[in-house]
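The chain contents come next:
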Amino acid sequence: SARSPNFAAAAATTTSPPAMADKPIPGHIAFATSGIGGIFGWIFIHPVNTIGVRMNLHSIQNPGAKISFFKFSSDTIKEKGIGTLYNGLGAGIWRQVFYASSRYGLFQIFRDTLAKYREVDVLSRLAAASAAGGCAAYISCPCEVSLVRMSNDATLPAAERRNYTSVMNCASRIAKEEGVTAFWRGSTPFVTRACLVGATQVATYDQFKTIYAGFGIKGNTNVVTSSFTAGLVYSLVTMPFESAKNRMASQKPDPETGKLPYTGTVQTLQAVSKAEGALALYNGFTPYFLRCGGHTVLMFFMVEKLQKMYRAS
């Protein structure tokens, strides 16, 4: 059609918010504002994440069972209380301190470094975002494992609960009882997912902002719709790796053989698909999408506010 060339041209264009050019953001400010923005968003999104983790792990304990997000949420609140949805909040906040700050801080550093040698285009942004996401994920693995453990502990039978009392208690017990390497047991799917998030979220968010602006959607509405649309894209791509990460992080050795059921990302994905069907990897998708989209909007809202304050100072 006549509009196709224009659409293709828009798809190839990488735009930057005008404010970014007004006053460059130093690395330490980028790290700090990203971390604070991540924490701000996580405080609101943590209950949704807890439900998502529990739904995902519930499917492990009940293979083939159909789970409704709203019914599962209602039953969880009735049986265990709404306060349990904030189990592991401390670990979640620490994760944002390391992951959110490192991810966006490193992205800006990598992007600006690449700019010294080549024009900053879509490919360089994708490469910078993927590398930053992977590095940040690897750094924050101990917090991620602690978060999964603490979020799911209350759902286990009484005899199997680890009864962690705090983030530090959880982390120290994991290191003492299972060894420090246990923190990186599910690192491969976590790092892979983080690289995919960087490759999909950043590029699609920027592109959707351009597309929606073409339809006359601007301002805060543009940010919200673009964030949630981008969240849907990267949620669909990364959910199987999130499921694999949760299973690997929470698994226990077989009582008879002493072997772990999941040994790697590909093996986990194949084993789950074969035993329960590929759609089992998407159990808990609704809360996962709400978490990704919701956290993206809240985080960017706070980051932009903070960086706007810095530029005005």
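The preceding data block contains the structure.
The notes below deal with the structure included here. (Residues numbered from 1 in each chain as written. Predicted model: local features only at pLDDT ≥ 70, side-chain atom pairs only at ≥ 80, totals over all residues. Heavy atoms only, no water.)

Remarks on the overall build of the chain
Looking only at helices and strands, the chain has 12 helices and 0 strands in total. Listing the helices and strands of the chain from first to last along the sequence gives α-α-α-α-α-α-α-α-α-α-α-α. Relative to the 2.2 N^0.38 estimate, which gives 20 Å for 313 residues, the radius of gyration of the chain is 20 Å and therefore close to what a compact globule would have. Along the three orthogonal principal directions, the C-alpha set of the chain runs to about 60 × 45 × 40 Å. In the chain, 31 side chains carry a positive charge and 17 a negative one; their mean positions are 4 Å apart. (Helix = DSSP H or I, 4+ residues; strand = E, 2+ residues; numbered from the N terminus. Rg over C-alpha atoms; globule rule 2.2 N^0.38 Å. Lys, Arg positive; Asp, Glu negative; His and termini not counted. Charge placed at Lys NZ, Arg CZ, Asp CG, Glu CD.)

Let's talk about helix α11 (residues 265-276)
With 12 residues, α11 should reach 16 Å at 1.5 Å per residue; the first-to-last C-alpha distance of 16 Å fits that figure. Buried residues of α11: Thr265, Thr268, Leu269 and Val272, and no others. Take α11 and look down its axis: the buried residues cluster within an arc of 95 degrees, on one side only. For α11, the exposed residues lying more than 90 degrees away from the buried face are Val266, Gln270, Lys274 and Ala275. Gly277, located one to two residues past α11, shows a positive phi value of around 95 degrees. (Expected span 1.5 Å × (residues − 1). Buried < 20%, exposed > 50% of the residue type's maximum accessible area, 1.4 Å probe, protein only. Arc of directions from axis to C-beta.)

Here's the deal with the environment of Arg173
Within the secondary structure layout, Arg173 lies in helix α8 (residues 167-178). What makes Arg173 partly exposed here is its relative accessible area of 23%. Spatially, the C-alpha atoms of Arg173 and Glu119 are 48 Å apart, while their sequence positions differ by 54 residues. The contacts of Arg173, once residues within four sequence positions are left out, are Arg162, Asn163, Tyr164 and Glu178. Within the structure, the side chain of Arg173 is placed 2.5 Å from the backbone oxygen of Arg162, a separation counted as a polar contact. (Contact = heavy atoms within 4.5 Å. Polar contact = N/O pair within 3.5 Å; in protein donor to acceptor, adjacent residues only side chain to side chain.)

Topic: the environment of Tyr310
Tracing the backbone shows Tyr310 in helix α12 (residues 285-312). When the C-alpha positions of Tyr310 and Thr33 are compared, they lie 9.7 Å apart, and in sequence the two are 277 residues distant.

A word on the packing of helix α5 (residues 89-115) against α12
In the contact formed by α5 and α12, the axes pass within 13 Å of each other and the chain directions differ by 65 degrees. Compared by their axis directions, α5 and α12 come out roughly perpendicular. In terms of crossing hand, the pair formed by α5 and α12 is right-handed. Along its contact with α5, which presents Arg95, Gln96, Tyr104 and Gln108, the element α12 presents Arg291, His295, Met299, Phe300 and Gln307. When the residues that make up the contact of α5 with α12 are grouped by side-chain class, the tally is 3 nonpolar, 4 polar and 2 charged. (Axes fitted to C-alpha atoms, helices over the stretch in contact; angles between N-to-C directions. Parallel < 35°, antiparallel > 145°, perpendicular 65-115°, else oblique. Left-handed = near helix turned anticlockwise from the far one by under 90°. Nonpolar A, V, L, I, M, F, W, Y, C, P; charged D, E, K, R; others polar.)

Points about the nonpolar core
Residues Trp42, Ala91, Val145, Leu147, Met150, Tyr164, Val167, Cys170, Ile174, Ala182 and Phe183 constitute the largest nonpolar core, which totals 11 residues. At the level of secondary structure, the elements contributing two or more residues to this core comprise α7 (141-152) and α8. Among all residues touching Val167, those that are not within four sequence positions of it are Gly90, Ala91, Trp94 and Met150. Phe241, Ala244, Met248 and Leu269 belong to the second-largest nonpolar core, a separate cluster that totals 8 residues. (Core = buried A, V, L, I, M, F, W, Y, C linked by side-chain atoms within 4.5 Å.)

What about the side chain of Thr296?
Mapping Thr296 onto the fold places it in helix α12. The exposure class of Thr296 is buried, given its relative accessible area of 3%. Polar contacts involving the side chain of Thr296 include one to the side chain of Tyr234, which spans 3.4 Å. Other than its neighbours up to four places away in sequence, Thr296 contacts Gln201, Ser227, Tyr234 and Arg291.

What to know about the packing of aromatic side chains
Both the distance between ring centres and the angle between the ring planes are used here to describe each pair of aromatic rings. The tally for this structure, following the rule as stated, stands at 8 aromatic pairs. Note that Arg95 overlies the ring of Trp42, its terminal NZ or CZ placed 5.9 Å from the centroid. (Phe/Tyr/Trp six-rings, centres within 6.5 Å; stacked < 30°, edge-to-face > 60°. Lys NZ or Arg CZ within 6 Å of the ring centre and 35° of its normal.)

Structural notes on the environment of Ser151
Considering the arrangement of structural elements, one finds Ser151 in helix α7. What makes Ser151 buried here is its relative accessible area of 0%. Remark: the alpha-carbon pair of Ser151 and Glu276, spanning 125 residues in sequence, is separated by 23 Å. When neighbours within four sequence positions are excluded, Ser151 is seen to be in contact with His46, Thr50, Val53, Arg54 and Asn87.

Looking at a nonpolar patch on the surface
Where nonpolar side chains cluster on the molecular surface, the patch consists of Trp94, Val97, Phe98 and Ile139 and spans about 350 Å² of accessible area. The leading source of residues in the nonpolar patch is α5, at 3 residues. The residue Val97 is located in helix α5 in this model. Since its relative accessible area comes to 32%, Val97 is described here as partly exposed. (Patch = residues over 30% accessible without salt bridge, like charges linked within 9 Å, V, L, I, M, F, W, Y side chains within 5 Å. Areas by Shrake-Rupley, 256 points an atom, 1.4 Å probe, with all protein chains shown as cover. Salt bridge = Lys/Arg side-chain N within 4 Å of Asp/Glu carboxyl O.)

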